[in-house]
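# Overview (structure and organization)
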Amino acid sequence: MAPLTEHHHRNTTKISHKPFKSRHATKSLIRDLAKGKVEGTEVKPNRKTPHQQIMSKFDRKNQARQIRQTKHQQNVKSSSVFAGQNGAPRVIAVVPLCEDMNAVAAIHKLNQAVDAESLWPLEGHMRVRVDRFKQNLVYVPVERDLMTALDACRLADFVIFLLSPTEEPGEEGELLLKMIEGQGVSNVLTVVQNLDTVEPARRRPQVVTSLKSYITHFFPNQEKVLSLDAESECSNVIRSLCTTTPKGVKWREDRSWMLVENVQWPSNLVEASTEGEVVVTGVVRGKGLKANRLVQVGDWGHFQIEKITDATLPISKKRKADEMAIDEAKNDEVLEAPDAEQEDLAELAPYEATMKDVDALSASEAPTEKRGVLLDDHHYFSDDETHLPDAPKRLPKGTSSYQSAWFLGDVSDSGSDFEDAVDDEGDLDMEAAALPQDGLEGFDKATPKEPTEATPSEYPQSEMFLDPSPDDEAAQLAEYRAQRKIEANEDLEFPDEIELHPNVLARERLARYRGLKSLRTSHWETSEDRAHEPEEWNRLLQVPDYKRAKKQVDNDSLVGGVQPGRRVHVHLRNAPLVLQQSHNPTRPLALYSFLQHEQKRTVVNYSVTLSSDHPSPLRSKDQLILQCGSRRFFINPMYSQSGNTPNNVHKFLRYLHPGQTAIASFIAPITWGSVPALFFQPSVSIPGTLLGLVATGTSLPASTSRVIAKRVILTGHPYKIHKKLVTVRYMFFNKEDVQWFKALQLWTKRGRSGFIKESLGTHGYFKATFDGKINPQDAVGVSLYKRVWPREARPWTEAETSSGSQEEEMPPVG
């Protein structure tokens, strides 16, 4: 009998349908994928920036290899100018920081460590060939002179500081370190000389540790201080100089420059006042040297290039100093010659008088049409008073704008059931703290608070006003101003406050001043200032878009010219031969090529920070000496507040206080880019030093449209207070001045704002309405502004500095 088996149906009849396909996900699928998340519905968020992308291991390794290759290519390109027997030499400045240090002896110590011999005699610099590392070195020994040290360090690839084991650098050495650090410096090495003289020997490591602690205060990346008394450490110094790629200085590498090795003067010298062709020799560094660009040679000035010829050194033999001129005469190949696009020496644009400017000047010089002060861009209070702003009405609470039109003038003065119909404006979102004297942004928009002290007795508005006697008024004025001076000295609330003499008319004394509703946002009408601008203002270089213009200049410097690493003769056109008398061959001399338009004058701006240890503030327009890049100027800077404002109006600063940062503006040739700047004054504290460092800064974009507004503040005393109606005195001293300045807005130091309502009497008393009750201890002020113009700079000369430092006296501060 067959076994019993269970019967099964085949599953071929069961059909599994394909899932529903849709172009877009259904709501239920989106909900399931989100899993309760409400911010997004995607499983993997869409990472947009490269830093947010999740890279695979292969991509990360590939990216690291590309970065490594790019850095290697940049390193090879920067060091290629030093390759070969005729490669560019590495310029090394040897700077002694102590009086007992000798730079020449230190150079001989380094040469003996690698058995190197100098190819040129020691006259300003020494050229050395190091066969062990196949490199050329040029040592520039520096004397203890600030300007010579700065000239040597700004052209050096390496700076070696010499420290003494027994003497401290002192105030002069510390000043030198600050100046070198401030102007920009490339690679730095620190060595100690005569360490073997320290006894006992166990104190020598402590001395080295102390010197390292001192130098790392200025240059924190210094790892060690090497001794020149040990031959092995001298070899380490040479190895670092020959194998390290100098990082350079950015402002210098953006231009073409070279260390001048030799200067050839014309042989047919007839008169020192004539001009001739002077030839300077050196190796091109930085960018390519173009014949169309102007060049700056030391402090001689800027010149045009006649031509650039080859000056390659012979390979087969070492030359002596007397053989140099014979070999160089054979190299007459012209590498670069100027063409029609060569820049001229003109610093100003050609003068062109236009009828538009004439009309503008004539219109601005007609004061007969003015009936009041200029407020923003309008003259208010003419004969018909059509421009008179609507006076704020006192309306019952809850009155709509439609109902307010039916109230004529002020209905009541009680103030119990009335409020001011004044538009509310929000505070401006600015970085600096808003002050009441700055305009609308400084007013207190909060609910007016009650006075903290009892106010004087109230009086009705119709009370008769009687002018005080002249003797009583003079005594009261003297007493009030004496009290205000004491308060100002204690708490400098009003740094721009001025006091008018009772016999001086304010409308004449302040004729050029105007009012601004807001210092930061109000439009500045420039047509009123055309009559007072400098004579050559329209001939200055105009830079509407600084960022775009700088990019074009940088692109121009990348193309053409004699490539770096080549030794050339640069023939200077029409150089004054009188320079031969002042030329000192023992001091380093450098040639810097200008970027396009860098010889043209415009209004330049520099950020300046006064040293915190400076004994006194700097007053605007006082003479300083500026070093920016390769140039030095005598300047009379005008300080103003830093920052960006919508109307490009910045408040003038009378003084720059220690530790404060401001913007210094003056007229000088433009400098492209952010270049470090040093500000000097004749030194008094350090004997034997002509100049002392007082401030540091950086060049900023140049602009002739930047308005520097000088502010003056007239203050008055609240004589009588009745609610929001106040009688003010001592601000003006005649009725006509009150009418002239009637359009200006009043403010108090506690944030209240108001307007002049009417004049009282003939001695300058007036009634004013404010947006809240004011304190009797408060002071009422009005702000007036006048545009001031920067002054011109002139080239610096060391002879003028040494002769003028004996006679110049700094003005008193106060």
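Everything here concerns the structure above.
The present account deals with the structure reproduced in this document. Just so you know, these numbers come straight off a predicted model, no measurement behind them.

### Topic: the overall build of the protein chain
- Looking only at helices and strands, the protein chain features 17 helices and 36 strands.
- Across the 814 residues that make up the protein chain, the buried fraction comes to 43%.
- Look at the contacts in the protein chain between residues 6 or more apart in sequence, and 77% of them connect residues 24 or more apart.
- Entry remark: accessible area of the protein chain is about 44,500 Å², with carbon and sulfur atoms responsible for 50%.

### What to know about the environment of alanine 695
- Inspection of the secondary structure puts alanine 695 in strand β29 (residues 691–700).
- Sequence separation of alanine 695 and leucine 610 is 85 residues, and the distance between their C-alpha atoms is 4.4 Å.
- Each residue touching alanine 695, except ones within four places of it in the same chain, is listed here: Val608, Thr609, Leu610, Ser611, Leu678 and Phe679.

### Let's talk about the environment of asparagine 187
- Relative to the helices and strands, asparagine 187 resides in strand β5 (residues 187–192).
- Its relative accessible area of 17% is what places asparagine 187 among the buried residues.
- In this structure asparagine 187 touches Asp157, Phe158, Val159, Thr244, Thr245, Pro246, Lys247 and Gly248, once residues within four positions along its chain are discounted.
- In this structure the side chain of asparagine 187 is engaged in a polar contact, spanning 2.8 Å, whose partner is the backbone nitrogen of lysine 247.

### Quick notes on helix α6 (residues 204–215)
- For α6, which comprises 12 residues, the first-to-last C-alpha distance of 17 Å matches the rise-based estimate of 16 Å (1.5 Å per residue) to within 8%.
- Every buried residue of α6 is listed here: Val207, Leu211 and Ile215. Each buried residue of α6 lies within a common arc of 65 degrees when the element is viewed along its axis, so the set occupies one face. When the buried face of α6 is taken as reference, the exposed residues oriented beyond 90 degrees from it are Pro205, Gln206, Thr209 and Ser213.
- Packed against the buried residues of α6 are β4 (158–163), α5 (170–183) and β5.

### Quick word on the packing of aromatic side chains
- Going through the model one piece at a time under the given rule, you end up with 10 aromatic pairs.
- Ring geometry for tryptophan 537 and tryptophan 789: centres 5.0 Å apart, planes at 75 degrees, overall edge-to-face. Here the residue tryptophan 537 occupies a position in the loop between α13 (506–509) and α14 (546–557), and tryptophan 789 occupies one in the loop between β35 (780–788) and β36 (794–795), the gap between them amounting to 252 residues.
- Looking at tryptophan 537, the relative accessible area reads 9%, which means it is buried.
- Plain terms: the ring middles of phenylalanine 732 and phenylalanine 741 are 5.4 Å apart, the flat faces sit at 10 degrees to each other, and that makes the pair stacked.
- With relative accessibility at 1%, the residue phenylalanine 741 sits in the buried group.
- An aromatic cluster is present here, built from Phe732, Phe741 and Phe766 joined pairwise through their rings.
- Directly above the ring of tryptophan 524 sits arginine 514, whose terminal nitrogen or CZ lies 4.1 Å from the centroid.
- Here the guanidinium or amino end of arginine 631 rests over the ring plane of phenylalanine 594, the centre of that ring lying 4.6 Å away.

### Focus on unusual backbone geometry
- Proline 200 follows glutamate 199 through a cis peptide bond whose omega is -5 degrees.
- Locating proline 200 in the fold gives a position in the loop between β5 and α6.
- Of note, the phi angle at asparagine 648 is positive, near 60 degrees, even though the residue is not glycine.
- Backbone geometry at tyrosine 730 places phi at a positive 70 degrees, although glycine is not the residue there.
- Positionally, tyrosine 730 belongs in the loop between β31 (725–729) and α16 (735–740).
- Take tyrosine 730: its relative accessible area is 5%, and that puts it in the buried class.

### A closer look at the nonpolar core
- Membership of the largest hydrophobic core comes to 78 residues, with the highest contact counts inside it found for Phe161, Leu626, Tyr639, Phe679 and Phe680.
- Considering every element that reaches this core, the biggest residue donor is helix α4 (residues 146–153), with six residues.
- Look past the residues within four positions of leucine 626 in its chain and what remains in contact with it is Tyr606, Arg631, Arg632, Phe633, Ile635, Phe666, Ala677, Leu678 and Phe679.
- The next biggest cluster of nonpolar side chains, apart from the first, holds 34 residues, and it includes Ala743, Leu744, Ile756 and Ala768.

### Concerning the packing of α4 against α5
- Where α4 meets α5, the closest approach of the two axes is 10 Å, and the angle between their N-to-C directions is 35 degrees. Of the two possible hands of crossing, α4 and α5 adopt the one that is right-handed. Only Leu175, Leu176, Met179, Ile180 and Gln183 of α5 make contact with α4, whose side of the interface consists of Leu146, Ala149, Leu150 and Cys153.
- For the contact of α4 with α5, the per-class residue count stands at eight nonpolar, one polar and no charged.

### Comments concerning the sheet that holds strand β3 (residues 135–141)
- Here we have six strands laid out as an open sheet, ordered β2-β3-β1-β4-β5-β6, and mixed in their pairing. Each having just a single partner strand, β2 (126–130) and β6 (226–227) make up the two edges of the open sheet.
- Relative to β6, β5 runs parallel, the two sharing two bridges. Paired with valine 192 across the bridge in β6 is serine 227.

### Section: the pattern of salt bridges
- Scanning the model with the defined rule gives 31 salt bridges in all.
- Glutamate 174 is paired through a salt bridge with lysine 178; the nearest N and O atoms lie 3.9 Å apart. Of this pair, glutamate 174 and lysine 178 are both found in helix α5, four residues apart, which corresponds to roughly one turn of the helix.
- Of the residues examined, glutamate 174 reaches a relative accessible area of 32% and is grouped as partly exposed.
- Taking the relative accessible area as the measure of exposure, lysine 178 reaches 34% and is therefore partly exposed.
- One salt bridge in this structure joins arginine 566 and aspartate 310, with 3.5 Å as the shortest N-O distance. Pair noted here: arginine 566 is in the loop between α14 and β18 (567–576) and aspartate 310 is in strand β12 (residues 302–310), with a separation of 256 residues, a long-range link.
- Here the salt bridges share partners, and the residues they tie into one network are Asp151, Arg154, Asp299 and Arg632.

### A short note on the environment of aspartate 771
- Mapped onto the secondary structure, aspartate 771 falls in the loop between β34 (765–770) and β35.
- Its relative accessible area of 25% is what places aspartate 771 among the partly exposed residues.
- In this structure, the C-alpha to C-alpha distance between aspartate 771 and serine 753, residues 18 residues apart in sequence, is 5.8 Å.
- For aspartate 771, the side chain forms a polar contact with the side chain of arginine 752, separated by 3.0 Å.

### Description of the side chain of arginine 787
- Position of arginine 787 relative to the elements: it lies in strand β35.
- Sequence-distant contacts of arginine 787, defined by excluding residues within four places in its chain, comprise Arg512, Trp524, Thr526, Asp529, Trp537, Thr704, Arg706, Val707 and Ile708.

### With respect to the pairing of strand β20 (residues 601–610)
- Extensive coverage of β20 is indicated by the burial of nine of its 10 residues.
- Pairing between β20 and strand β27 (residues 661–669): nine bridges, direction antiparallel. Bridge assignment links threonine 609 to a residue of β27, and that residue is threonine 661.
- Relative to β29, β20 runs antiparallel, the two sharing six bridges. The partner of tyrosine 606 across the bridge, within β29, is serine 699.

### Digging into a positive patch on the surface
- Residues Lys57, Arg60, Lys61, Arg65 and Arg68 make up a contiguous surface patch of positive charge.
- Note that arginine 65 resides in helix α2 (residues 57–79).

### Focus on the pairing of β4
- Burial of β4 is extensive: six of the six residues sit out of reach of the surface.
- Here β4 shows two buried faces, one formed by Phe158, Ile160 and Leu162 and the other by Val159, Phe161 and Leu163.
- By the bridge criterion, five bridges tie strand β1 (residues 90–96) to β4 in an arrangement that is parallel. Paired with alanine 93 across the two strands is valine 159, which belongs to β4.
- The sheet contact formed by β4 and β5 spans six bridges and is parallel.

What counts, and where the lines are drawn
- Residues numbered from 1 in each chain as written.
- Predicted model: local features only at pLDDT ≥ 70, side-chain atom pairs only at ≥ 80, totals over all residues.
- Heavy atoms only, no water.
- Helix = DSSP H or I, 4+ residues; strand = E, 2+ residues; numbered from the N terminus.
- Buried < 20%, exposed > 50% of the residue type's maximum accessible area, 1.4 Å probe, protein only.
- Contact = heavy atoms within 4.5 Å.
- Areas by Shrake-Rupley, 256 points an atom, 1.4 Å probe, with all protein chains shown as cover.
- Polar contact = N/O pair within 3.5 Å; in protein donor to acceptor, adjacent residues only side chain to side chain.
- Expected span 1.5 Å × (residues − 1).
- Arc of directions from axis to C-beta.
- Phe/Tyr/Trp six-rings, centres within 6.5 Å; stacked < 30°, edge-to-face > 60°.
- Lys NZ or Arg CZ within 6 Å of the ring centre and 35° of its normal.
- Core = buried A, V, L, I, M, F, W, Y, C linked by side-chain atoms within 4.5 Å.
- Axes fitted to C-alpha atoms, helices over the stretch in contact; angles between N-to-C directions.
- Left-handed = near helix turned anticlockwise from the far one by under 90°.
- Nonpolar A, V, L, I, M, F, W, Y, C, P; charged D, E, K, R; others polar.
- Pairing = 2+ DSSP bridges.
- Salt bridge = Lys/Arg side-chain N within 4 Å of Asp/Glu carboxyl O.
- Patch = residues over 30% accessible without salt bridge, like charges linked within 9 Å, V, L, I, M, F, W, Y side chains within 5 Å.
- Lys, Arg positive; Asp, Glu negative; His and termini not counted.
- Charge placed at Lys NZ, Arg CZ, Asp CG, Glu CD.

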